[in-house]
Amino acid sequence: MLNGMRVVDCSTGIAGGYCTKLLADAGADVVKVEPAGGDPLRTWRSGALFEFLHTSKRSIVGAPDAADVLDLCARADIVVESGRPGTFPAEALFERRPDLVIASITPFGQEGPWAQWAATEFTLQAWCGSTSSRGLPEQPPVAAGGRIGEWVAGTYAAVGALAATFTAARTGAGEHVDVAWLEAMSISMNTFTSVFAELSGWPDMRRPIRTIEIPSIEPSADGFASFTTNSAPQWASFLVLIDRHDLDNDKDLAGALGRFKRRDEALEIIRAYTTQHTTAELLDLATELRIPCGPVGNAETITTFDQFVDRGTFVPNPSGRFVQPRVPYRISGLSPRPFDPAPDLNEHARAIDWPEERVLESVVGATHLAGSPEGGGGLPLEGIRVLDLTAWWAGPAATAMLANLGADVIKIESITRPDFMRYTSVKPPTFDGWWEWGPLYHGANNSKRGITLDLTRPVGRELVLRMCESADVILDNFTPRVMEQFELDWEHVSAVNPRLIQVRMPAYGLGGPWRDRTGFAQTMEAITGMAWVTGWPDGPPVIPRGACDPLAAQHAVFATLLALRDRETSGEGRFVEVTMIEAALNIAAEQLAEFGATGEVLGRTGNRGPTAAPQNLYACEGHEEWLALAIENDEQWDRLREFLGAPAWADDPALDTTDGRRAAHDQIDEEIERFCKDRDARTLAMDLAACGVPAGYVTDGRDIAVNPQMLHRGFFEVEHHAVTGPHNIPTIPFRFARHDRGWVHRPAPTLGQHNDEVLRELLGLSDEELAALRADQLIGERPVGA
């Protein structure tokens, strides 16, 4: 898929490693440039994580600004780096290679008042509003485990870098893709809480705001089981499961908020039943009752999950030390690249023989994307048309990214079944137009046009097939049987347009025993092990919340870009399957790799972490004011000691190493808590981060809207909506240096807003034909019954 593409990876750590893994897995020739001692991940734990991230790459030793490394970069198509902002010689490389794409991945981005601040994934969870939302009020907030934010940033970086090559190939103009972890985490680990606040008029809020789902991961007689009850009917079915019909009319317990307010009572009721039954018994009954459910996986058990076994999801790592998840997408007619072993340090010092001439130009530069202006610049996907048959979060987030990158995305709903994210509304059903007030809908559907068509009726299906004739991509995230029932599967859509790319995003895959189950992020986070490493050591696993959907979305975008790029040379459309749960498995791969290599099952550590000591949340002056602090190396420890005023307790030589500080973690926590209790948390966080100590303020999720760093970078843009008016929404977590017009091209569409415009433009329908469709309720602008 990316054969002939050259990538230089000057990064260290997870984010850059996963970005270039995605490129290498698709066939790119990735050369990893390492410091003399190697990427620190080589010596992290058993080294298995390094082996997972760096299969199919080559390794040389060098400094990013060394002449030989710059010469290599000047012969590449993409360069990925993660150095301190402003230190990588990007401008010098652009002078030599104007069509080069450089992706910089840093905590806060290349510019802005916080650009040079110190941070870790743990402290960024605090800043992005994720940590504050998770846990019980009786305990401190708890961060998600597994360093999810680093994987998220790497995934977005791969999308941004690959997309930028489209414009570079078309116009000869390269791009500096500036990726900020903080923004990637704010759009993935914070469920548009700032948009909820915007549409609600910023109501007063009392801390603590953290919650857990009830039910969620519950203890069984032999372990844990995961349940999701996002709707009242699902809760009613759950009452049948636990044999509590007497609670059918309890309106408080029917809602998630009511259950949380009565959490002690609700959990006692639930666990009185679940602890008397095995996990298998609970899941069998829940499945019969159509309650979303699943096992709670960890590194030891996850490979036995029947869906993964049936689909051959796990494959051997070339080292032979562990198994790993396969690439989470399949593209018809294109074989996935076999994994080659991760390289030894400097293994290819004399083996990089890239010629001087450009490769991108010979691959795709001679042709243009369908509809693109000849020789024009602009956004990467200008001229691409996408039919969007998605709902909820993952699918709409994928098509929103395609729209932000310039595609003409046409969202197709129906008046009998709109996108259900419209129903997460801040307005009651008695309010006219209440379905236009869904914050999640606004967050994941900007920059699209919207129409309604009833696909359950032959006329609606026929109109979609006619639209396929002029489309480039059709994308859905229904359960597999839905598109088959509509007869809009690959057999039918490719027959009307052989150049069409169909992208399907099933939760569990198009085959296997779980094929037709509805997927919810909570269930997938439990199955994949993401929840296993989140929570307190003496408590149950906790759902991280949210990341599965945007992660699956961006893997779908990446695969779509691969298929579009391939079409420029093959002339053929492709069928693309992107399995949501397999994307999540790749993000959780460290657990599996480490277990295979050492036999260790990674577990929950609360707010302490494997890479830093001390690492924790510390209560500060005031009510529910918390400082997040993480010391990853001895230099940061020295700076912290100086900031604390060089107290005598911190002069103990035993604390001079990470191992020594980890052994004395309880004592250090007590001393830092004593220091913090009479000080302002936000001021401490800002002062510490500015002087090189990774720290963060545990921010309420909605308050990211006033974060000065993200405001400086234009992460929030104004959506001028016909019903809800103007309000700020978060956009995408990278900036293109050559694109300064913003990412939001139009507001999220009202239901059926562009019916007439699109059906006239694409299908040439007359006023009389449109009126007939509207009269027959095949199209419309209001949900049926509203």
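Residues numbered from 1 in each chain as written. Predicted model: local features only at pLDDT ≥ 70, side-chain atom pairs only at ≥ 80, totals over all residues. Heavy atoms only, no water.

Engineer: I would appreciate a short explanation of the pairing of strand 4 (residues 78-81) in the present structure.
Structural biologist: If a strand is regular, its side chains alternate between the two faces of the sheet. Judged by which residues are buried, strand 4 turns out to be covered on both faces: I78 and V80 on one side and V79 and E81 on the other are all buried. Where strand 1 (residues 6-9) and strand 4 come together, 3 bridges link them in parallel fashion. The partner of D9 across the bridge, within strand 4, is V80. Following the backbone out of strand 4, through helix 4 (residues 90-96) and into the adjacent parallel strand 5 (residues 101-106), one traces a crossover that is right-handed. (Buried < 20%, exposed > 50% of the residue type's maximum accessible area, 1.4 Å probe, protein only. Helix = DSSP H or I, 4+ residues; strand = E, 2+ residues; numbered from the N terminus. Pairing = 2+ DSSP bridges. Right-handed = clockwise from strand over helix to strand, strands pointing away.)

Engineer: What's the story with the confidence of the model for the protein chain in this structure? I'm lost.
Structural biologist: Where the model shows low pLDDT, its predicted coordinates should not be examined in detail. Looking at the protein chain, pLDDT values average 95 and 97% of them are 70 or higher. Taken together, the stretch residues 359-376 has pLDDT below 50 and engages in 40 contacts with residues farther than four places along the chain or on a different chain. (pLDDT = per-residue confidence, 0-100. Contact = heavy atoms within 4.5 Å.)

Engineer: What should I look at first to understand the pattern of salt bridges in this one?
Structural biologist: Any two side chains of opposite charge can pair, given that their charged atoms come close. Using the criterion set out here, one finds 59 salt bridges in the structure. Where D99 meets R97, a salt bridge forms, and the shortest distance between an N and an O atom there is 2.7 Å. R97 carries the same exposure label as D99, and that label is buried. Taking the shortest distance from any N to any O, the salt bridge between E487 and R461 comes out at 3.5 Å. Note that E487 is positioned in the loop between helix 19 (480-485) and helix 20 (490-496) and R461 in helix 18 (residues 458-468), a separation of 26 residues in sequence. What makes R461 buried here is its relative accessible area of 17%. Among the charged side chains, a network of salt bridges with common partners joins R385, D408, R449, E757 and E761. (Salt bridge = Lys/Arg side-chain N within 4 Å of Asp/Glu carboxyl O.)

Engineer: Hey, could you run me through helix 28 (residues 681-690) in this one?
Structural biologist: One turn of the α-helix equals 3.6 residues, which is why residues spaced by three or four share an orientation. Every buried residue of helix 28 is listed here: A681, L684, A685, L688 and A689. The buried residues of helix 28 occupy an angular sector of 115 degrees when projected down its axis, which confines them to one face. Those residues of helix 28 that are buried are in contact with helix 5 (121-127), strand 20 (626-630), helix 25 (634-643), helix 27 (665-676) and strand 21 (695-697). One side-chain oxygen of the residue at the start of helix 28 lies 3.4 Å from the amide nitrogen of R682, identifying that residue as D680. The positive-phi residue at the C-terminal boundary of helix 28 is G692, with phi of around 95 degrees. (Arc of directions from axis to C-beta. Polar contact = N/O pair within 3.5 Å; in protein donor to acceptor, adjacent residues only side chain to side chain.)

Engineer: Explain the packing of helix 1 (residues 14-25) against helix 6 (residues 148-171) to me, please; I cannot follow it from the model alone.
Structural biologist: When two helices pack together, you describe them by how their axes are tilted relative to each other and by the distance separating the axes. Running from N to C, helix 1 and helix 6 cross one another at 40 degrees; their axes reach a closest spacing of 7 Å. Relative to helix 6, helix 1 is oriented oblique. Of the two possible hands of crossing, helix 1 and helix 6 adopt the one that is right-handed. On the side of helix 1, the interface is formed by I14, A15, Y18, C19 and L22, while helix 6 contributes E150, W151, A153, G154, T155, A157 and A158. Residue composition of the contact of helix 1 with helix 6, by class: 9 nonpolar, 2 polar and 1 charged. (Axes fitted to C-alpha atoms, helices over the stretch in contact; angles between N-to-C directions. Parallel < 35°, antiparallel > 145°, perpendicular 65-115°, else oblique. Left-handed = near helix turned anticlockwise from the far one by under 90°. Nonpolar A, V, L, I, M, F, W, Y, C, P; charged D, E, K, R; others polar.)

Engineer: It is not clear to me how the packing of helix 18 against helix 30 (residues 755-763) should be interpreted in this structure. Could you clarify?
Structural biologist: At a closest axis distance of 10 Å, the pairing of helix 18 and helix 30 adopts a crossing angle of 60 degrees. Regarding the angle of helix 18 to helix 30, the classification is oblique. Along this stretch, helix 18 crosses helix 30, giving a crossing that reads as left-handed. Taken together, the residues of helix 30 that come into contact with helix 18 (itself represented by L463, R466 and M467) are V758, L759, L762 and L763. Here the residues of the contact of helix 18 with helix 30 are counted per class, giving 6 nonpolar, no polar and 1 charged.

Engineer: What exactly am I supposed to notice about the environment of E469 here?
Structural biologist: By secondary structure assignment, the location of E469 is in the loop between helix 18 and strand 16 (473-476). When its relative accessible area of 52% is taken as the criterion, E469 is described as exposed. Between the C-alpha atoms of E469 and D65, which are 404 residues apart in sequence, the distance is 49 Å. Excluding residues that lie within four positions of it along the chain, E469 makes contacts with V496 and N497.

Engineer: Which parts of the structure should I look at to understand unusual backbone geometry?
Structural biologist: The phi angle of most residues is negative, glycine excepted, and most peptide bonds adopt the trans form. A cis geometry characterises the amide bond from R207 onward to P208, with omega recorded as 0 degrees. Residue position: P208 is located in the loop between helix 8 (193-200) and strand 7 (217-220). With an omega of 0 degrees, the peptide bond running from A613 to P614 counts as cis. Locating P614 in the fold gives a position in the loop between helix 24 (589-598) and strand 19 (615-619). Not every positive phi belongs to a glycine, and R290 is a case in point at roughly 60 degrees. Examined against the element boundaries, R290 turns out to sit in the loop between helix 13 (279-288) and strand 9 (293-295). Judged by relative accessible area, which is 65%, R290 ranks as exposed. You will see that S447, though not glycine, has its phi angle at about 70 degrees, which is positive. Structurally, the position occupied by S447 is in the loop between helix 17 (439-445) and strand 15 (449-452).

Engineer: Quick question: what am I supposed to make of empty space enclosed by the protein here?
Structural biologist: In this approach, a probe sized like a water molecule rolls over the atoms, and the result shows the empty space that is left. In the structure shown here, the tally under the stated rule is 6 cavities of 30 Å³ or more. There is about 150 Å³ of room inside the largest cavity. If you trace the largest cavity, you find 17 residues lining it, with I187, A397, G443, T731 and I732 closest to the centre. Sorting elements by how many residues they give to the lining of the largest cavity places helix 16 (residues 394-404) first, with 4 residues. Here the residues of the lining of the largest cavity sort into 12 nonpolar, 5 polar and no charged. (1 Å grid on protein atoms, 1.4 Å probe; cavity = no way out; pocket = protein on both sides within 12 Å on 5 of 7 lines; lining within 4 Å. Points joined across faces, edges and corners; volume = space filled by probe spheres on them.)

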